[in-house]
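# Coordinate inspection notes
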Amino acid sequence: MQSFWVYFLAFVSGFLECHCNNATSNSEVRLLLVSFDGFRADYLAQYAFPNLQKMIADGAHVKHVTNVFVTKTFPNHYSIVTGRYAESHGIVANHMYDAATKKNFSIFADQDQFWWNEATPIWITNQQQGHKSGGAMWPGTDVSIHNTMPSYYLKYDHNVSFSKRVDHIIQWFSNSTEPINFGALYWEEPDATGHHYGPDSKELGNMLKEVDDRIGYLIDQLQKTGLWNTVNVIITSDHGMAQCSAKKVIELDNCIGRGNYTRVTYSPVTAILPHANISNVYELLLNCDSHMKVYLKEDIPERFHYKHNERIQPILLVADEGWTIVQNGSITQLGDHGYDNALPSMHPLLVAHGPAFRKAYKTNTINSIDVYPLMCHILGLKEESNNGTFANVRCLLISESCVSLPDVIGIVIGSLMVLVTLSCLIILMKKRGSPQRAFARLQLQDDDDDDDPLIAG
Ligand code: AMP
Ligand code: ZN
Ligand code: ZN
């Protein structure tokens, strides 16, 4: 009986255990990472996406991805491919200033690897570990990082159509001599339309139809080339989008003279470099507007993971959702992002399809930094140090035995019932099989033969 318990417990714990180390190191494994800039998580429930829904029905869907702070394009795209918070990968904003070197960075002047070298993106790690990578306009893929370019890449040009970018990616995966096993593909929409017209506009609705058509094109091309069932595809985004309003504008000129500071980033998170005394500038900004939080660098909340980097400026202004920080005047755009990354409106979604992923699987949330260990696991790569957690994403993978809490409770209760029944049966059988008992029964039968009037009657 004791050995039965040992076997049983070993079976249950073996079943519940996560087989975390069975990374697939198959060189045939392929992965395509796609970002549709500014694809807010809840667009999926608000609009029709026939092509994306087909992928979801046959794949895995994360409803809300928690992006990193600041909720901007370059920091978030670099977090997805490095697994690090912005303070740890060095691309802390779309615009940066480094006081030590007096260098400036912007999305229009992003080629100096000085800015990118604090981390190593997955396309380089993939190449260092013996594979080929391709980059179709994913931020950073047209920059030499650690003196390494992707095996194949396109120079950033927003005029190049999505279908052209897809065609290149397909060619790289299909290359007969040196095919890629990892590709990163980027598209500027629905971010651009979201900024211009706002996330609640009919124009945004029209653009989302186009986004779905483009997903349809990607699926078609992968199917035509026989890649659809063999390439793992992750479709995600860098951030969401909030509705802005000309009535929600914070004018810094009402509080502080422009000669006192330089704005290194703009809105809704404005990085302030004071020209002289930090405390004086801080005091002037502190009570400027109730819809804007003002932080000294050392007081930036820990949950932002946005403090430990020289490129983060001494004072940070963070507007409330939907508010815009300007020096003076009004605004022209009706949508923006950059806000607190805890806001649901800032969150993108993630859809994953292919041989590595579960089918018809849904989960509520992961962090965007968790996508990196997920991708490394799929590709069988040894990870660079990162802030992501594989345990948060492993249930997306078909190779991982993964049970939910209700399943665990069901299994435990069911197992206990089976155990109790088995134990009772074993006890009963033991009692029945015992020779003493058989003898007693024989004796009883002997007794029965007596002419006992009580029994016979
Ligand atoms: P934002 O919405 O301000 O965070 O940035 C989005 C913009 O970044 C897009 O509209 C693109 O024009 C721009 N962008 C995206 N990828 C790149 C790239 N690789 N190089 C330069 N600009 C880019
Ligand atoms: Zn973006
Ligand atoms: Zn944007």
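Presented here is a report on the structure given in the accompanying data block. (Residues numbered from 1 in each chain as written. Chains lettered and ligands numbered in written order. Predicted model: local features only at pLDDT ≥ 70, side-chain atom pairs only at ≥ 80, totals over all residues. Heavy atoms only, no water.)

### Points about the overall build of the protein
Within the protein one finds 14 helices and 18 strands. Each of the 457 residues in the protein was classed as buried or not, and the buried ones make up 50%. For the protein, the proportion of contacts with a sequence separation of at least 24, taken over those separated by at least 6, is 72%. Within the structure as shown, the protein displays about 21,400 Å² of accessible surface, and the carbon and sulfur contribution to it stands at 55%. (Helix = DSSP H or I, 4+ residues; strand = E, 2+ residues; numbered from the N terminus. Buried < 20%, exposed > 50% of the residue type's maximum accessible area, 1.4 Å probe, protein only. Contact = heavy atoms within 4.5 Å. Areas by Shrake-Rupley, 256 points an atom, 1.4 Å probe, with all protein chains shown as cover.)

### As for the sheet that holds strand β13 (residues 292-296)
Within a sheet, each strand pairs with its neighbour through backbone hydrogen bonds, oriented either parallel or antiparallel. With antiparallel pairing, the four strands of this open sheet are ordered in space as β11-β12-β14-β13. The sheet terminates laterally at β11 (261-263) and β13, the two strands that pair on one side only. Taken over all neighbouring pairs, the strand axes of this sheet differ in orientation by 25° on average, direction set aside. The pairing of strand β12 (residues 269-274) with strand β14 (residues 315-319) spans four bridges and is classified as antiparallel. The residue bridging Val269 from the neighbouring strand is Val318, located in β14. (Pairing = 2+ DSSP bridges. Axes fitted to C-alpha atoms, helices over the stretch in contact; angles between N-to-C directions.)

### Some details on the coordination of the zinc ion (ligand 3)
Around the zinc ion (ligand 3), the protein supplies Asp191 (OD), Asp191 (OD), His195 (NE2) and His337 (NE2) as donor atoms, at distances of 2.0 to 2.5 Å. Along the chain, the residues that donate to the zinc ion (ligand 3) are spaced as D-x3-H-x141-H. A separation of 4.2 Å is found between the zinc ion (ligand 3) and the zinc ion (ligand 2). In this pair, Asp191 is assigned in helix α8 (residues 191-197) and His337 in the loop between β16 (335-336) and β17 (350-353), connecting sequence segments 146 residues apart. Under the relative-accessibility criterion, His337 is labelled buried at 2%. (Donors = N, O, S within 2.8 Å, 3.2 Å for Na, K, Ca; no water.)

### Quick notes on the side chain of Asp340
Structurally, Asp340 is set in the loop between β16 and β17. Using a relative accessible area of 17% as the deciding quantity, one classes Asp340 as buried. For Asp340, the residues in contact, after removing those within four places along its chain, are Phe69, Thr71, Arg303, Phe304 and Met346.

### A few points about the environment of Gly205
Residue position: Gly205 is located in helix α9 (residues 202-224). Between the C-alpha atom of Gly205 and that of Gln46, which follows or precedes it by 159 residues, the distance is 8.9 Å.

### Some words on the pairing of β13
Counting buried positions along β13 yields four of five residues, so the element is predominantly enclosed. Examined bridge by bridge, β13 and β14 share five bridges and lie antiparallel to one another. Looking at β14, one finds that Leu296 is bridged to Ile315.

### Focus on helix α11 (residues 371-379)
With nine of its nine residues buried, α11 lies for the most part within the structure. Of the residues trailing α11, Gly380 is marked for its positive phi of about 70°.

### What about the site of ligand 1?
In the vicinity of ligand 1 there are 15 residues, among which Thr73, Asn94, Ile107, Asp191 and His337 approach most closely. Between Tyr156 and ligand 1, the recorded distance is 3.1 Å, taken from a side-chain N or O atom to an oxygen atom. One of the side-chain N or O atoms of Asp191 is found 3.1 Å from an oxygen atom in ligand 1. Here ligand 1 loses 85% of its free accessible area of 510 Å² to cover by the protein chains. (Near = heavy atom within 4 Å. Polar contact = N/O pair within 3.5 Å; in protein donor to acceptor, adjacent residues only side chain to side chain.)

### Quick notes on the coordination of the zinc ion (ligand 2)
Taken together, Asp37 (OD), Asp37 (OD), Thr73 (OG1), Asp238 (OD) and His239 (NE2) make up the full set of protein donors to the zinc ion (ligand 2), lying 2.0 to 2.7 Å away. Sequence spacing of the donor residues for the zinc ion (ligand 2), all on one chain, is D-x35-T-x164-D-H.

### Here we look at the sheet that holds strand β18 (residues 361-367)
Ordered in space as β6-β5-β7-β1-β8-β17-β2-β18, the eight strands form an open sheet in which the pairing is mixed. Of all strands in the sheet, those with a lone pairing partner are β6 (152-154) and β18, marking the two edges. On average, adjacent strands in this sheet sit at an angle of 15° to one another, irrespective of strand direction. When strand β8 (residues 231-236) meets β17, the two strands line up antiparallel, connected through four bridges. Within β17, the residue paired with Ile235 across the bridge is Val351. Against the sheet, helix α4 (residues 73-82) makes contact with β1 (30-36), β7 (182-187) and β8, and its axis sits at roughly 165° relative to β1, the strand it touches most. Against the sheet, α11 contacts β1, β7, β8, β17 and β18, and its axis sits at roughly 175° relative to β8.

### Describing a nonpolar patch on the surface
Among the surface-exposed residues, Val418, Leu422, Leu425, Ile426 and Met429 lie close enough to one another that they form a single nonpolar patch of about 440 Å² accessible area. Structurally, Leu422 is set in helix α12 (residues 405-433). (Patch = residues over 30% accessible without salt bridge, like charges linked within 9 Å, V, L, I, M, F, W, Y side chains within 5 Å. Salt bridge = Lys/Arg side-chain N within 4 Å of Asp/Glu carboxyl O.)

### Let's talk about unusual backbone geometry
Cis geometry marks the peptide bond from Glu189 to Pro190, where omega comes out at 10°. Summarising the element assignment, Pro190 is placed in the loop between β7 and α8. In this model, Ser267 is joined to Pro268 through a cis peptide bond whose omega is 0°. Unusually for a residue other than glycine, Lys102 sits at a positive phi of about 60°. Given a relative accessible area of 62%, Lys102 falls into the exposed group. Even without being glycine, Asn147 reaches a positive phi, approximately 60°. Here Asn147 shows up in the loop between β5 (133-136) and β6.

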